[in-house]
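Read off the chains here:
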Amino acid sequence: MFKRWLLALSARVGLTVLGLGCCLSLFYLLACKPTSHSSQQFLLWSGGATSKEGYMALLQEREDSHRHYINSLTKQIAQLKEALQERTQQLQESLEKAKTRGIFPQGLESLHRTPTQTDLKDFLRSQLNQAEVNSGVKLPSEYAVIPFDTFTLRRVYQLETGLTRHPEERPVRPDRRDELISTVETALHVLNGPQQHTDNTRQKRTYSPSDFIEGLTRTERDRGTVYELMFKGAGPQDFTQLVLFRPFGPVMKVKSESVDTRSVLINIIVPLSKRPDAFRQFIKNFREVCIRLDGRVHLTVVYFGRDQIDQVKAMLDQTTRETRFRSFTLIQLNEEFSRGRGLEVGSRAWRRSQNVLLFFCDVDIHFTTDFLTSCRLNAEPGKKVYYPVLFSQYNPSIIYSNETLPPSIQQQLVIKKETGFWRDFGFGMTCQYRSDFLNIGGFDRNIKGWGLEDVHLYRKYLHSKLMVIRSPSRGLFHLWHEKNCADELPPDKYKMCMQTKAMSEASHGQLGELLFKQEIEVHLSSQKQMNRGA
């Protein structure tokens, strides 16, 4: 008897949920249908044309605008269907539990009752109320303020620029560009909708993209994104302000899995030419991190030329004698130094059967065991490649100029504004599986010397279906060294080299102290004299 009643209930609930979804979609389409008398145009509307060609262009732009509007509705309907499907799945799982336990679970009615959409609206409304939209919130200090970005139809003006972005730029990322365009389109739909004309105190008019002046936007990561948009009004001193809010939903579980990295071997490939002192520092760090603490690495050194190679061999032999570590490969090439060529040769020289994880490294890089863990976790064959952003050290002779002796290398590896910067314009250090590197086509072999080969490889991955993991790494440092830009470099590479050299010397404040050193000394001297006279 109970089973029949349970099956009947299941059928009724399923039909009810399906009917609810159909009705909801129908009501949504009816409510969002654009009015036929609206003269709204797309963002690229030019206006003012009276010729036949002008009218045809205007009709085409209106058609594009309606097509974008339909696409927007289609996406929203798909989202509603997905939410409905998730609710239905929850109901089915609860009914299955009821069958296995032989009882009807309490609270099951909440899964198929009508006000489920009300619950979602209440949650989104709570996100709006908690965000700093309608009123301000108390902040502990000036550093807690989230600044707005200002944007127009063509430009974005931003404070958090980093080193590769500009204070004023066109939005490059398609998602960012589409986000701002769709926001202005939504605002125009709202302003030109039927709700506007119900207010008798406002003059009836139609807004177009040319009426948009500027907008402000910022994102509170746990609440949502707020947009404040300003439009021209009826007169030169009249304006229309519209505030939109895109709330964030609750955190959703995507997957939960255990990752075993015990058998993941990392092949560290280092291209090298001369620089024995730098290699001595590299081997010192390698022995501590890779041999003593980790033990799951292989080192491949690709050496260009014969000059000073005996010193490199001696260091490797000494390491083998003292640690009994033999997982080295030394490849010597009688060629002009080319970083891309060295990494390519080192990658293809791997002869073991397993698909090894490659870490492309330079001799002036210092890394920790935390980085090796991140390397293993953030790279996956056929799915992900890891491009960490390393912390680049400033010139220690400038940073520690007030000290008698500079601190040790280990003490200098501090991530602070005064000690270095995130090298977000560099793409040379990367973790990727050998199979992905070979499938993508490797490096451009025509590039010689310094620079650009890593950027070309990075762009190949961006154009592929592999996911690129790009994030700052707290365990990867670029040690400062004197940088020489060769005269034989072509102009674009020479300019890039000089820019990197300038950025690596010191912070803006420290360079300012060097520039105005004489004025500062004069001021300090006058202060001493005044104190003596007093």
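The shown structure was predicted, so the numbers you read here are calculated from the model rather than taken from an experiment.

Asker: I'd love a proper account of the overall build of the protein chain, names of residues and values included.
Answerer: Summing up its helical and strand segments, the protein chain has 17 helices and 15 strands in all. The proportion of buried residues among the 534 residues of the protein chain is 37%. Sequence-distant contacts in the protein chain: of pairs separated by 6 or more residues, those separated by 24 or more amount to 71%. Approximately 33700 Å² of the protein chain is accessible, and the part contributed by carbon and sulfur atoms is 53%.

Asker: Let's hear about unusual backbone geometry: which residues, and what values?
Answerer: The phi dihedral of Lys-274 falls on the positive side, at around 60°, and the residue is not glycine. Take Lys-274: it is sitting in the loop between strand 7 (266-272) and helix 7 (276-294). When its relative accessible area of 41% is taken as the criterion, Lys-274 is described as partly exposed. With a phi close to 70°, Gln-308 is a non-glycine residue in the positive phi region. Inspection of the secondary structure puts Gln-308 in the loop between strand 8 (297-304) and helix 8 (309-323).

Asker: Tell me about the packing of helix 7 against helix 8, and name the residues and values.
Answerer: Here helix 7 crosses helix 8 at 20°, and the two axes come no closer than 10 Å. Overall, the two elements helix 7 and helix 8 adopt an arrangement that is roughly parallel. For the pair helix 7 and helix 8, the sense of crossing is right-handed. Where helix 7 abuts helix 8, its residues Pro-276, Phe-279, Arg-280, Ile-283, Arg-287 and Ile-291 lie against Gln-311, Val-312, Met-315, Leu-316, Thr-319, Glu-322 and Thr-323.

Asker: Account for the pattern of salt bridges, with residues named and values stated.
Answerer: Scanning the entire structure with this criterion turns up 14 salt bridges. Between Asp-364 and Arg-275 there is a salt bridge, and its shortest N-O distance comes to 3.6 Å. Highlighted residues: Asp-364 in the loop between strand 10 (357-360) and strand 11 (365-367) and Arg-275 in the loop between strand 7 and helix 7, separated in sequence by 89 residues. Classification of Asp-364 as buried rests on a relative accessible area of 9%. When its relative accessible area of 33% is taken as the criterion, Arg-275 is described as partly exposed.

Asker: Account for the packing of helix 7 against helix 10 (residues 369-378), naming residues and giving values.
Answerer: Contact geometry of helix 7 with helix 10 gives a least axis separation of 10 Å together with a crossing angle of 70°. In terms of axis orientation, helix 7 runs roughly perpendicular to helix 10. Facing Val-289, Cys-290, Leu-293 and Asp-294 of helix 7, the residues of helix 10 in contact are Thr-369, Leu-372 and Arg-376.

Asker: Explain the side chain of Asp-294 to me, using residue names and the numbers behind them.
Answerer: Examined against the element boundaries, Asp-294 turns out to sit in helix 7. For Asp-294, a relative accessible area of 16% puts it in the buried group. Polar contacts involving the side chain of Asp-294 include one to the side chain of Arg-376, which spans 2.9 Å.

Asker: Break down helix 17 (residues 517-533) for me, with residues and values.
Answerer: Between its first and last C-alpha atoms helix 17 spans 25 Å; for 17 residues at 1.5 Å apiece the expected length is 24 Å, and the two agree. With zero of 17 residues buried, helix 17 is to be regarded as a mostly surface element.

Asker: Quick rundown of the pairing of strand 12 (residues 384-393)? Include the residues and the values.
Answerer: Most of strand 12 sits out of view: ten of its ten residues are buried. Neither face of strand 12 is left uncovered, since the one carrying Lys-384, Tyr-386, Pro-388, Leu-390 and Ser-392 and the one carrying Val-385, Tyr-387, Val-389, Phe-391 and Gln-393 both have all their residues buried. When strand 12 meets strand 15 (residues 467-478), the two strands line up parallel, connected through eight bridges. Across the sheet, the residue bridging to Val-385 is Val-468, located in strand 15. As judged from the three bridges shared by strand 12 and strand 13 (residues 420-422), these two strands associate in the antiparallel manner. The residue bridging Gln-393 from the neighbouring strand is Gly-420, located in strand 13.

Asker: Any details on the nonpolar core? Residues and values, ideally.
Answerer: The biggest cluster of nonpolar side chains holds 40 residues, and the ones touching the most others in it are Ile-268, Phe-279, Phe-282, Phe-286, Leu-299, Phe-359 and Phe-367. Top element by residues in this core is helix 7. It accounts for eight residues. Aside from chain neighbours lying at most four places away, what touches Leu-299 is Asn-267, Ile-268, Val-270, Phe-282, Ile-283, Phe-286, Leu-316, Ser-327, Phe-328 and Thr-329. Listed in part, the 23 residues of the second largest apolar core include Leu-333, Phe-437, Val-455 and Tyr-458.

Asker: Just give me the short version of the packing of aromatic side chains, but keep the residues and values in it.
Answerer: A full pass over the atoms with the stated rule returns 24 aromatic pairs. Pairing Phe-282 with Phe-367 gives two aromatic rings, centres 6.3 Å apart and planes at 65°, and the pair type is edge-to-face. Of this pair, Phe-282 sits in helix 7 while Phe-367 sits in strand 11, placing them 85 residues apart in sequence. Of the two residues examined, Phe-282 and Phe-367, each falls in the buried class. Relative to Trp-422, the ring of Phe-391 lies with its centre 5.3 Å away and its plane at 80°, an arrangement referred to as edge-to-face. In this pair, Phe-391 is assigned in strand 12 and Trp-422 in strand 13, connecting sequence segments 31 residues apart. Taking relative accessible area as the criterion, Phe-391 reaches 4% and is therefore assigned buried. Overall, the relative accessible area of 30% leaves Trp-422 in the partly exposed class. Linked through ring pairs, Phe-279, Phe-282, Phe-286, Phe-325, Phe-328, Phe-359, Phe-367, Phe-371 and Tyr-386 together constitute an aromatic cluster.

Quick notes on the rules
Residues numbered from 1 in each chain as written. Predicted model: local features only at pLDDT ≥ 70, side-chain atom pairs only at ≥ 80, totals over all residues. Heavy atoms only, no water. Helix = DSSP H or I, 4+ residues; strand = E, 2+ residues; numbered from the N terminus. Buried < 20%, exposed > 50% of the residue type's maximum accessible area, 1.4 Å probe, protein only. Contact = heavy atoms within 4.5 Å. Areas by Shrake-Rupley, 256 points an atom, 1.4 Å probe, with all protein chains shown as cover. Axes fitted to C-alpha atoms, helices over the stretch in contact; angles between N-to-C directions. Parallel < 35°, antiparallel > 145°, perpendicular 65-115°, else oblique. Left-handed = near helix turned anticlockwise from the far one by under 90°. Salt bridge = Lys/Arg side-chain N within 4 Å of Asp/Glu carboxyl O. Polar contact = N/O pair within 3.5 Å; in protein donor to acceptor, adjacent residues only side chain to side chain. Expected span 1.5 Å × (residues − 1). Pairing = 2+ DSSP bridges. Core = buried A, V, L, I, M, F, W, Y, C linked by side-chain atoms within 4.5 Å. Phe/Tyr/Trp six-rings, centres within 6.5 Å; stacked < 30°, edge-to-face > 60°.

In short, the description is geometric, and any link to function would need to be established separately.
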